[in-house]
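Coordinate analysis (summary)
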Amino acid sequence: MIKIIYWTQTGNTEDMASEIAKGVEENGKEAILIPVSDARAEDLKDEKVFALGCPAMGAEELEESEMEPFVNEIESFVSGKTVGLFGSYGWGGGEWMQNWTERMTKAGAIVVNGEGVICQGGPDEEELKMCRELGKQLAMAQNTGI
């Protein structure tokens, strides 16, 4: 089972999470969508592959009351794990995702494709396709143990 943990305000990041789950399931694995408010960081300790999603907030940062503390907690044990990152933004150029990718990489995680999947506003068909592809890559990583 591949856990897809996300925070959403307008539903755009949740839509992306749903498409990632479709990609996982189309490639023979089970996916579970978990709002970060219902997630516990310790539940990821034994997971080799998972996804995290959060939109850009404020000055291109992670949501600070739930997602930031969650990410901060998993940094201590994310080394060697394959992580898919995703989220939407309203303005700016995606700096929050670049920073998040760098942060996870420095903690030792293998970020799928070396970058997160982002979209401005709601995901269009091309961006939904990218989300399904991320799901496929997560399923393949779980198969290979990478």
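Whatever comes next refers back to the structure up there.
In what follows, the accompanying structure is described. (Residues numbered from 1 in each chain as written. Predicted model: local features only at pLDDT ≥ 70, side-chain atom pairs only at ≥ 80, totals over all residues. Heavy atoms only, no water.)

This part is about the overall build of the chain. Helices and strands together make up the secondary structure of the chain, namely 4 helices and 6 strands. Start at the N end of the chain and walk to the C end: the helices and strands fall as β-α-β-β-α-β-α-β-β-α. Its C-alpha radius of gyration of 13 Å places the chain within 12% of the 15 Å reference for a compact globule of 146 residues. Taken over the C-alpha atoms alone, the chain extends approximately 35 × 35 × 25 Å along its principal axes. Out of the 146 residues in the chain, the part that is buried amounts to 49%. For the chain, restricting intrachain contacts to residue pairs at least 6 apart in sequence, the fraction spanning at least 24 positions comes to 79%. Put simply, the chain shows about 7000 Å² of open surface, and 44% of that area lies on carbon and sulfur atoms. Side-chain charges of the chain comprise 12 positive and 27 negative groups, with the mean position of each set lying 9 Å from the other. (Helix = DSSP H or I, 4+ residues; strand = E, 2+ residues; numbered from the N terminus. Rg over C-alpha atoms; globule rule 2.2 N^0.38 Å. Buried < 20%, exposed > 50% of the residue type's maximum accessible area, 1.4 Å probe, protein only. Contact = heavy atoms within 4.5 Å. Areas by Shrake-Rupley, 256 points an atom, 1.4 Å probe, with all protein chains shown as cover. Lys, Arg positive; Asp, Glu negative; His and termini not counted. Charge placed at Lys NZ, Arg CZ, Asp CG, Glu CD.)

The subject of this paragraph is the side chain of Asn12. Mapped onto the elements, Asn12 comes out in helix H1 (residues 12-26). Under the relative-accessibility criterion, Asn12 is labelled buried at 18%. Engagement of the side chain of Asn12 in a polar contact is seen with the backbone oxygen of Gly121, the distance being 3.4 Å. The contacts of Asn12, once residues within four sequence positions are left out, are Ser88, Gly121, Gly122 and Pro123. (Polar contact = N/O pair within 3.5 Å; in protein donor to acceptor, adjacent residues only side chain to side chain.)

What follows is about the environment of Ala41. Among the secondary structure elements, Ala41 is positioned in the loop between strand S2 (31-35) and strand S3 (49-53). For Ala41, a relative accessible area of 4% gives the class buried. With 63 residues separating them in the primary sequence, Ala41 and Met104 have C-alpha atoms 14 Å apart. In this structure Ala41 touches Phe70, Glu73, Ile74 and Phe77, once residues within four positions along its chain are discounted.

Quick look at the side chain of Glu63 now. By secondary structure assignment, the location of Glu63 is in the loop between S3 and helix H2 (67-74). Put simply, Glu63 is tucked away with no salt bridge, and the nearest opposite charge, on Arg103, sits 11 Å away. A polar contact of 2.4 Å, which involves the side chain of Glu63, links it to the side chain of Ser65. Engagement of the side chain of Glu63 in a polar contact is seen with the backbone nitrogen of Glu66, the distance being 2.8 Å. For Glu63, the residues in contact, after removing those within four places along its chain, are Trp7, Cys54, Pro55, Met57 and Glu68. (Salt bridge = Lys/Arg side-chain N within 4 Å of Asp/Glu carboxyl O.)

Once that is clear, we can look at the pairing of strand S1 (residues 2-6). Working note: regular strand, side chains alternate between the two faces of the sheet. Of all 5 residues making up S1, 5 are buried, and the element is well covered by its neighbours. Judged by which residues are buried, S1 turns out to be covered on both faces: Ile2, Ile4 and Tyr6 on one side and Lys3 and Ile5 on the other are all buried. The pairing of S1 with S2 spans 5 bridges and is parallel. Within S2, the position partnered with Ile2 by the bridge is Ala31. Tracing the backbone out of S1, into H1 and back to the parallel element S2 gives a crossover that is right-handed. Bridge count between S1 and S3: 4 bridges; the pairing is parallel. Note on S3: the bridge partner recorded for Ile5 is Leu52. (Pairing = 2+ DSSP bridges. Right-handed = clockwise from strand over helix to strand, strands pointing away.)

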